[in-house]
Amino acid sequence: MSQNFTPPAPDSYSPVAAPAPTRSGNLGLAVLAATGTAVAAGAAYGGIMNAISFQIGYLAAGVGLAVALVAVRIGGRNPLLPALSAVLTLAGVYVGYLLDMALAISEHQGIPVSELLTTELVKLNQFYVDNMDPISILFYAIGAYAAFQTARKAAG
């Protein structure tokens, strides 16, 4: 008596390739790049505010978004990046407000913007602090919140 014997089918299980190693990121370079982004985005924010003579909260959020994305892209999943992005966004929005004030004063009084931002910076800062309105504080908060949340979600 012969029996029908069918050999077992080949194993269809193929091992999964090992995942690529996670990149830890470079915190120092992330700080440097995010600082540059904060200054550049803040300058754009100030230029736009001066051009339209109006403050826009979405632009402050845009500064935060840009800073956070650059920080996370270069810094990886570092848990310091959300807070760092928020602080650098505050600095970027501040740069924007100072540039807006410098452009407005330059336009009305004929003082060069370069002089206002170098030798007259202390006076310009005091003028800004004296004339700060509550909406400016709200826009600082909007920008910092956008930066923190963007960095937290992008790094997670």
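Our subject is the structure that appears above.
Worth saying up front: this structure is predicted, and the values here are computed from it rather than measured.

Details of the packing of helix α2 (residues 57-75) against helix α6 (residues 134-155)
Across the interface, α2 lies against α6 with an axial gap of 7 Å and an inter-helix angle of 30 degrees. The angle between the axes of α2 and α6 places the two elements in the roughly parallel class. The handedness of the crossing between α2 and α6 comes out as right-handed. Together, G57, A60, A61, G64, L65, A68, L69 and V72 of α2 and F139, I142, G143, A146, A147, T150, A151, A154 and A155 of α6 make up the contact between the two elements.

Comments concerning the packing of aromatic side chains
Think of a pair of aromatic rings as described by two things: how far the centres are apart, and how the planes are tilted against each other in angle. In total, this model carries four aromatic pairs according to the counting rule given. Between Y97 and Y128, the ring centres sit 5.6 Å apart and the planes meet at 25 degrees, which makes this aromatic pair stacked. You can see Y97 sitting in helix α3 (residues 81-109) and its partner Y128 sitting in helix α5 (residues 121-130), a full 31 residues away along the chain. Each member of the pair Y97 and Y128 is classed as buried. For the pair Y97 and Y140, a centre-to-centre distance of 5.6 Å together with 40 degrees between the ring planes defines the contact as tilted. One end of the pair, Y97, is in helix α3; the other, Y140, is in helix α6, and 43 residues separate them in sequence. The exposure class assigned to Y97 is buried, which follows from its relative accessible area of 3%.

Observations regarding the pattern of salt bridges
For the coordinates displayed, the defined rule picks out one salt bridge. The salt bridge involving E120 is made with K123; its shortest N-O contact spans 3.5 Å.

Brief notes about unusual backbone geometry
The phi dihedral of S53 is positive, around 55 degrees, even though this residue is not glycine. When you line up the elements, S53 lands in the loop between α1 (27-52) and α2.

Some details on the nonpolar core
Counting residues in hydrophobic clusters, the biggest one holds 28 residues, and the most contacted among them are Y45, V63, V67, V93, Y97, L124 and Y128. When contributions to this core are tallied by element, the ones reaching two or more residues are α1, α2, α3, α5 and α6. Broken down by element, the residue count for this core peaks at eight residues, all from α3.

Notes on the packing of α1 against α2
At their nearest, the axes of α1 and α2 sit 8 Å apart, and the two run at 160 degrees to each other. Considering their axes alone, α1 and α2 lie roughly antiparallel with respect to each other. Relative to α2, α1 is oriented so that their crossing is right-handed. Together, L29, A30, A33, A34, T37, A38, A41, G42, Y45 and I48 of α1 and L59, A60, V63, A66, V67, V70, A71, I74 and G75 of α2 make up the contact between the two elements. Residue classes in the contact of α1 with α2 are distributed as 16 nonpolar, three polar and no charged.

Regarding a nonpolar patch on the surface
On the surface, I48, I52 and F54 cluster together into a nonpolar patch covering about 290 Å² of accessible area. Of note, I52 is situated in helix α1.

Conventions and cut-offs
- Residues numbered from 1 in each chain as written.
- Predicted model: local features only at pLDDT ≥ 70, side-chain atom pairs only at ≥ 80, totals over all residues.
- Heavy atoms only, no water.
- Axes fitted to C-alpha atoms, helices over the stretch in contact; angles between N-to-C directions.
- Helix = DSSP H or I, 4+ residues; strand = E, 2+ residues; numbered from the N terminus.
- Parallel < 35°, antiparallel > 145°, perpendicular 65-115°, else oblique.
- Left-handed = near helix turned anticlockwise from the far one by under 90°.
- Contact = heavy atoms within 4.5 Å.
- Phe/Tyr/Trp six-rings, centres within 6.5 Å; stacked < 30°, edge-to-face > 60°.
- Buried < 20%, exposed > 50% of the residue type's maximum accessible area, 1.4 Å probe, protein only.
- Salt bridge = Lys/Arg side-chain N within 4 Å of Asp/Glu carboxyl O.
- Core = buried A, V, L, I, M, F, W, Y, C linked by side-chain atoms within 4.5 Å.
- Nonpolar A, V, L, I, M, F, W, Y, C, P; charged D, E, K, R; others polar.
- Patch = residues over 30% accessible without salt bridge, like charges linked within 9 Å, V, L, I, M, F, W, Y side chains within 5 Å.
- Areas by Shrake-Rupley, 256 points an atom, 1.4 Å probe, with all protein chains shown as cover.

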